[in-house]
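# Notes for the structure review
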Amino acid sequence: MIKSKKNEMKMEFDSKSNNEAFARISVAAFASQLDPTIEEIADIKTSVSEAVTNSIIHAYPNRTGLVKIRAILYEDEVEIEVSDNGEGIENIDEAKEPLFTTKCNLERSGMGFTIMENFMDNLKVESIVGLGTKVTMTKKIKKVHN
Amino acid sequence: MIKSKKNEMKMEFDSKSNNEAFARISVAAFASQLDPTIEEIADIKTSVSEAVTNSIIHAYPNRTGLVKIRAILYEDEVEIEVSDNGEGIENIDEAKEPLFTTKCNLERSGMGFTIMENFMDNLKVESIVGLGTKVTMTKKIKKVHN
Amino acid sequence: MNVKHFIEDKILLFEMTEELDHHNTEKIRDRADYEIQRFMPKRVIMDFFRVKFMDSAGIGLVIGRYKQVSAMGGRLELLNVSDKIKKIFEMAGILKIIPIIDVSLESQRKE
Amino acid sequence: MNVKHFIEDKILLFEMTEELDHHNTEKIRDRADYEIQRFMPKRVIMDFFRVKFMDSAGIGLVIGRYKQVSAMGGRLELLNVSDKIKKIFEMAGILKIIPIIDVSLESQRKE
Ligand SMILES: Nc1ncnc2c1ncn2[C@@H]1O[C@H](COP(=O)(O)OP(=O)(O)O)[C@@H](O)[C@H]1O
Ligand SMILES: Nc1ncnc2c1ncn2[C@@H]1O[C@H](COP(=O)(O)OP(=O)(O)O)[C@@H](O)[C@H]1O
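Summarised in this report is the structure supplied together with it. Just so it is clear, the structure is predicted and the values come from calculations on it, not from any experiment.

### Brief notes about the site of ligand 1
Residue and element names in this part refer to chain A. The environment of ligand 1 is formed by 18 residues, the closest being Asn54, His58, Thr101, Thr102 and Gly110. At 2.6 Å, a side-chain N or O of Thr101 approaches an oxygen atom of ligand 1. Between ligand 1 and Arg108 there is a distance of 3.3 Å, counted from an oxygen atom to a side-chain nitrogen or oxygen. Within the complex, the protein chains bury 96% of what would otherwise be the 530 Å² of accessible surface of ligand 1. Counting only elements with at least two residues in the shell around ligand 1, the list comes to α2 (38–59) and α4 (112–119). Top contributing element to the shell around ligand 1 by residue count: α2, with four residues. Grouping the constituent residues of the shell around ligand 1 by class yields six nonpolar, 10 polar and two charged.

### Some remarks on the interface of chain B and chain A
Taken together, the 19 residues of chain B in the interface contact 19 residues of chain A. A buried area of about 1,500 Å², summed over both sides, lies between chain B and chain A, and 48% of it is on carbon and sulfur atoms. Area buried by chain B at its contact with chain A is led by Lys10, Glu12 and Phe22 of chain B, which between them contribute 28% of it. Summed over the shared surface of chain B and chain A, the result is zero salt bridges. At the surface where chain B touches chain A, the tally comes to 13 residue pairs in polar contact (both at pLDDT 80 or more). Those elements giving two or more residues to the side of chain B that touches chain A turn out to be β1 (5–14) and α1 (19–31) of chain B. Considering every element that reaches the side of chain B that touches chain A, the biggest residue donor is β1 of chain B, with 10 residues. By residue class, the composition of the side of chain B that touches chain A is seven nonpolar, five polar and seven charged. In the sheet, strand β1 (residues 5–14) of chain A pairs with β1 of chain B via five bridges, with the strands oriented antiparallel.

### Comments concerning the sheet that holds strand β7 (residues 100–101) of chain C
All names here are of chain C. On the basis of which strands lie adjacent, the open sheet formed by five strands has the order β1-β2-β4-β6-β7 and mixed pairing. Because the sheet does not close on itself, it has two edges, and the strands there are β1 (2–6) and β7. As defined by bridge partners, strand β2 (residues 11–15) adjoins strand β4 (residues 43–47) across five bridges and the pair is classed as parallel. In the sheet register, Leu13 faces β4, and the bridge partner there is Ile45.

### What to know about the interface of chain A and chain D
Opposite the 25 residues of chain A that make contact, chain D presents 20 residues. A buried area of about 1,800 Å², summed over both sides, lies between chain A and chain D, and 55% of it is on carbon and sulfur atoms. For chain A, the biggest contributors to the area lost against chain D are Arg24, Glu107 and Phe119 of chain A; these three give 29% of the whole. In this assembly, chain A and chain D are joined by five salt bridges. Two residues, Glu39 of chain A and Lys84 of chain D, come together in a salt bridge whose shortest N-O distance is 3.9 Å. Summed over the shared surface of chain A and chain D, the number is 12 residue pairs in polar contact (both at pLDDT 80 or more). Those elements giving two or more residues to the side of chain A that touches chain D turn out to be α1 (19–31), α2 and α4 of chain A. For the side of chain A that touches chain D, the element with the highest residue contribution is α2 of chain A, accounting for nine residues.

The rules behind these values
- Residues numbered from 1 in each chain as written.
- Chains lettered and ligands numbered in written order.
- Predicted model: local features only at pLDDT ≥ 70, side-chain atom pairs only at ≥ 80, totals over all residues.
- Heavy atoms only, no water.
- Near = heavy atom within 4 Å.
- Polar contact = N/O pair within 3.5 Å; in protein donor to acceptor, adjacent residues only side chain to side chain.
- Areas by Shrake-Rupley, 256 points an atom, 1.4 Å probe, with all protein chains shown as cover.
- Helix = DSSP H or I, 4+ residues; strand = E, 2+ residues; numbered from the N terminus.
- Nonpolar A, V, L, I, M, F, W, Y, C, P; charged D, E, K, R; others polar.
- Contact = heavy atoms within 4.5 Å.
- Buried area = accessible area lost by both parts, 1.4 Å probe.
- Salt bridge = Lys/Arg side-chain N within 4 Å of Asp/Glu carboxyl O.
- Pairing = 2+ DSSP bridges.

These results come straight from atomic positions and should not be treated as a statement about function.
Structure (C-alpha cells):
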C-alpha cells in the first residue's frame, strides 16, 4: 500500500549545541498537525534531540557543519530524517548497542540510539565514514476519538 | 561595521495553511537564543505569520509550492527572510500600502506589510512577477540586564 | 470556537480560539456565518478572552463580520481585547467603527 | 540550576533546570563539579522537580556525578523523578546503583 504524503518540511542549521532545543521544538510543532498525544510528542522531542545532538557532537567534533532535518507527515505517521555531512560511523551495529559511546570523556552515556529505538516505531541508520550519517525514524500517531 | 553572524538556520515547507503555526513557532524558538522579551518574540511571531501566510495565499493561489525561511542571529539582531517561487508582486509600493489587498474575497485586510513594518525594525520586499517574492525583516533584540 | 446564544436579547456571542491566524479564521468564518444567518442577532459579540496569538487575519475576520452584521441591521462589538490585539486593530483603524466593550457579560447572561 | 547546601548534614542539593539536554548539561556539570569539590558532601541529591525535558544527556550527567561522588566516599540520590524520566534512567540500568528517594526533604532542611 502506498502511503500518501500530507505535508513535508525541511530545515538545516549550524551544528551548535544551542540549536538542540529549537530543532526539537520545530519538529514537534510540525508533527502536532497529526494531533498526537502529549506522550507521543514527548517521545518525538526526545528522539529528535538525540539524533541532532549526535550530529552536533559526533559528526562535527572540531568544526561547525550543517545539520539537516526532513519531516514528512502521512495520514497516521510521521517520518523524521536527521542527517549530517560529518565523520560517519564505522560500525553501525556496535554504535547502536546500549551504553556504547566513543565520547565518554564528554560524559556521553551511549544511550542515544537505544532511546530512539524505544521511543519511535522504526529506526534506520545509514552512514559512510568521511561522508556523513543519516538517521530515519518513524512514529505512528494513533488517532484518538474525542 | 561588519556584524558577526552567530547562528543560522533555513527551513522550507509546503504552502499549506496548517504550516503557518509551525513556521512562526520555529522561528520564535530559534530567535529565543538571543534572550528576547516576550513582547519582542510576539512581534517576531506575528510578522513571520504575515509573511508566510502571504506566500501561502498570494504566491501560490491555486497550487502547492515551497515556502522558504532563512533566519540569521547576530549579537543583538535577528534577520528573517521569507521567500517563495510564486506569482510575484506587480507594484510593491502599492502592495505595502495599508489596507491594499488583491484578495478581499478571501477577507484579507491588506494589513500584512503594515504589521511587518510596525513590528520589525526593517522590512525589505523584493519581487519579480512570475518568479517569486522575498521579504527580509530585521529586529533588534535589546539586551536586558538581569 | 464556542458559540453562545442569548435568545431573549437576540445576542450571539463567539468565543474566539487561541490562535487567530489565516488557517484558523477560515473555519471560524464559516461557523460564524452559519450562526448569524440562522439566528439573525441584534448584537454579535466577538470575545477575545482566549486569544493568545492574532495576526492580520483577525482584522479580516472582524471586518467581514462587521459588514455581514451591519447589512442585516445588527451591531458588532468586541470583548476582552488585550493591548497587543488592540494595537493590531488600531493600525487598521477599525476601532473607530467597531466598539470594544469592557463590561463583563456574566451578569446579564440568560442562555 | 539552583544549589542548596545543608551544612550540618553535609548534604548538597542540586535543583536541575527545565531542559536537560546536551547544551544545558554542560553548564550544569561544570557548576556541580565545582560545588562538590568545594563542599566535599556526604550526600549529593539531584532534584528533578523542575525538569520538563530530558534526553540521554541527563543519564550522562547522573552517571558522571555518581562516579565523582562515589570516588570521594559520598552517596548520590535522585529526587522527584517523573515516570517519563524514570523510564529513561531505567533503560540505562542506573536505578540499580543510584537510588531514587521519594521523601520530601522540606522537613529536614537546615540551610
Ligand atoms: N551523527 C553521527 N556521526 C558520527 N558518529 C555518530 C553519529 N551518531 C552516533 N555516532 C556514533 O555512535 C555512538 C553511539 O551513539 P549514541 O547511542 O547516540 O550514544 P552517545 O551519543 O551517547 O555516544 C557515538 O558514540 C558515536 O561514536
Ligand atoms: N508572497 C507574495 N506573493 C505574491 N503577492 C504578494 C505576496 N505578498 C503580498 N502580496 C501582494 O501584496 C498585497 C498586500 O499584502 P498584505 O499587506 O500582506 O495584505 P493581504 O495579505 O491582507 O492582502 C497582497 O494582497 C498581494 O497582492
